[in-house]
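So the chains spell out like this:
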Amino acid sequence: MPAQNPTPEELRDTLRRQAQGAISLNLAYIGVVNGLFETLHGLGAATPEVLARAAAMDPGYVLRWCDAAYAFGYLEADGDSLRLGAAGEAMRPDAAGTLMPLAVQAVLSAHMAERAAGLMRSGERPGEKVLAERETVLPWFGPMLEANFGAMFENTICPAIPEFREVDSRGGLAVDLGCGNGWYLRALARRCAGLRGLGIDGFAENIEQARGLAAREGLDARLQFVHGDIHDMRLPEPADLIAMNRALHHVWEKDPDTLFAWLRDNLRPGGCAMIWEPAWPADRGALRDPARRGMAFQNLGEHVQGNHFLRPEEIVAAFDKVGMSATVHAFAKGAEAVIVARR
Ligand SMILES: C[S@@+](CC[C@H](N)C(=O)[O-])C[C@H]1O[C@@H](n2cnc3c(N)ncnc32)[C@H](O)[C@@H]1O
């Protein structure tokens, strides 16, 4: 953040540093989506030519990328031979606590900024398909969300919400509406051997990933993933848990009353709906908080997609309207909310 009353030089320095940060993440993105960090990690050290061959990429592009990645400190050099520096290791999608999501978010943000800039003139809101406009981005959407939120779910959210202990002990059917790459149902199925899962998502790419990842973990006998629209979802039996993670705001503007009545009617008595959403603050001043600043930008990209972020109170009120009382659990200094309502 620029200081309160910066001199012109301070302001230029601050914004130049921020510009370099954006360039650095854009550069990392190229390495992430083309497997360059992982490949170089496997090789230990390599010339750009050897790296290009091992990663099955064009040598000319890889040479230019290597120069830039060296300039920004992702790579270290020993003569012609290059190896990953600490930042390069941290960008590996398979590294523990990977920083890959920052790179994916940077490029996705640039794409959304460009779309918002053009669409602001007409007010058109093209919807979810905007996410698929960049062919290299869509496959990284699921891994980005899993890396960003999977550990938080398992280490912070599950232990803090008593209803998850019930899910563990009673098993049954858990449904995930807008399931992305299926990480949430995989996490629940790992905890609870008696649980079956059904996920639905509107992107075929996500469903393919979800099926493949469930099979890789040996969970495919219990987890089913279908490609389709949340609004057309029919359950084979009432659910013990219906979850929506960062998905409610995608469908909220359409017809929330029908959706919440569907949630109530498709739960077994005693079953729970759990809605996890970024928590839009009641007070604009809270958007200055570094924990929420990204959300303020993201809401512009959400607008392009026909969505907007919600205040937790709005979700509680929607449950109330269908006769379900809901409890808000706040996480990440109030920037994330899980709203739990029992039938
Ligand atoms: C922000 S992502 C969250 C994905 C996943 N729940 C997670 O937490 O990683 C929202 C997801 O909702 C899906 N979605 C949005 N509207 C949908 C609809 N009408 N029907 C099915 N899926 C939808 C999108 O395809 C996307 O994968």
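Residues numbered from 1 in each chain as written. Predicted model: local features only at pLDDT ≥ 70, side-chain atom pairs only at ≥ 80, totals over all residues.

Draft legend 1. Fine view of the overall build of the protein chain. Each helix and strand in the protein chain was counted, giving 14 helices and nine strands. Its C-alpha atoms give the protein chain a radius of gyration of 22 Å, within 12% of the compact-globule value 20 Å for 343 residues. Judged by the C-alpha coordinates and their principal axes, the protein chain covers about 70 × 55 × 35 Å. (Helix = DSSP H or I, 4+ residues; strand = E, 2+ residues; numbered from the N terminus. Rg over C-alpha atoms; globule rule 2.2 N^0.38 Å.)

Draft legend 2. Broad picture of the pairing of strand E1 (residues 75–78). With four bridges connecting them, E1 and strand E2 (residues 81–84) associate as antiparallel partners. The residue bridging Glu76 from the neighbouring strand is Arg83, located in E2. Counting the residues in the hairpin turn of E1 and E2 gives two residues, including Gly79, whose phi is positive at 65°. (Pairing = 2+ DSSP bridges.)

Draft legend 3. Focus on the domain arrangement of the protein chain. We note that the domain assignment places domain 1 (8–98) and domain 2 (149–342) within the protein chain. Taken over C-alpha atoms, the centre of domain 1 sits 35 Å from the centre of domain 2. (Domains from an automatic or database assignment.)

Draft legend 4. Spotlight on the site of the ligand. Taken together, 18 residues lie around the ligand, and Leu145, Gly178, Gly180, Gly202 and His250 are the ones closest in. Those elements giving two or more residues to the shell around the ligand turn out to be strand E4 (195–201) and helix H11 (248–251). Across the shell around the ligand, the residue classes break down as seven nonpolar, seven polar and four charged. (Near = placed C-beta within 6 Å. Nonpolar A, V, L, I, M, F, W, Y, C, P; charged D, E, K, R; others polar.)

Draft legend 5. Structural detail: the nonpolar core. Counting 50 residues, the largest nonpolar core has Ala174, Leu241, Ile242 and Met274 as its most contacted members. Beyond its immediate stretch of four places on either side in the chain, Leu241 contacts Val167, Ala174, Val175, Gly271, Cys272 and Met274. Grouped together as the second largest cluster of nonpolar side chains are 30 residues, Leu40, Val62, Leu82 and Leu108 included. (Core = buried A, V, L, I, M, F, W, Y, C linked by C-beta atoms within 7 Å. Buried ≥ 20, exposed ≤ 12 C-beta atoms within 10 Å, placed from the backbone. Contact = placed C-beta atoms within 7 Å.)

Draft legend 6. Layout of helix H3 (residues 48–55). Residues of H3 that are buried: Pro48, Leu51, Ala52 and Ala55. Along the long axis of H3, the arc covered by the buried residues comes to 100°, so they all point the same way. Buried residues in H3 make contact with helix H2 (36–43), helix H4 (59–71) and E2. Immediately downstream of H3, the backbone of Ala56 shows phi near 55°, a positive value. (Arc of directions from axis to C-beta.)

Draft legend 7. Examining the sheet that holds strand E7 (residues 267–278) more closely. With respect to topology, seven strands assemble into an open sheet ordered E5-E4-E3-E6-E7-E9-E8, the strand pairing being mixed. Of all strands in the sheet, those bounded by a partner on one side alone are strand E5 (223–227) and strand E8 (326–331). Neighbouring strand axes in the sheet, compared pairwise and without regard to direction, differ in orientation by 15° on average. Of the strand pairs in this sheet, E8 and strand E9 (residues 336–342) are connected by six bridges, and their pairing is antiparallel. Bridge pairing links Ala330 to Ala337 in E9. Its contacts with the sheet put helix H8 (residues 163–170) on strand E3 (172–177), E4, strand E6 (239–245), E7 and E9, and the angle it makes with E6 is roughly 135°. (Axes fitted to C-alpha atoms, helices over the stretch in contact; angles between N-to-C directions.)

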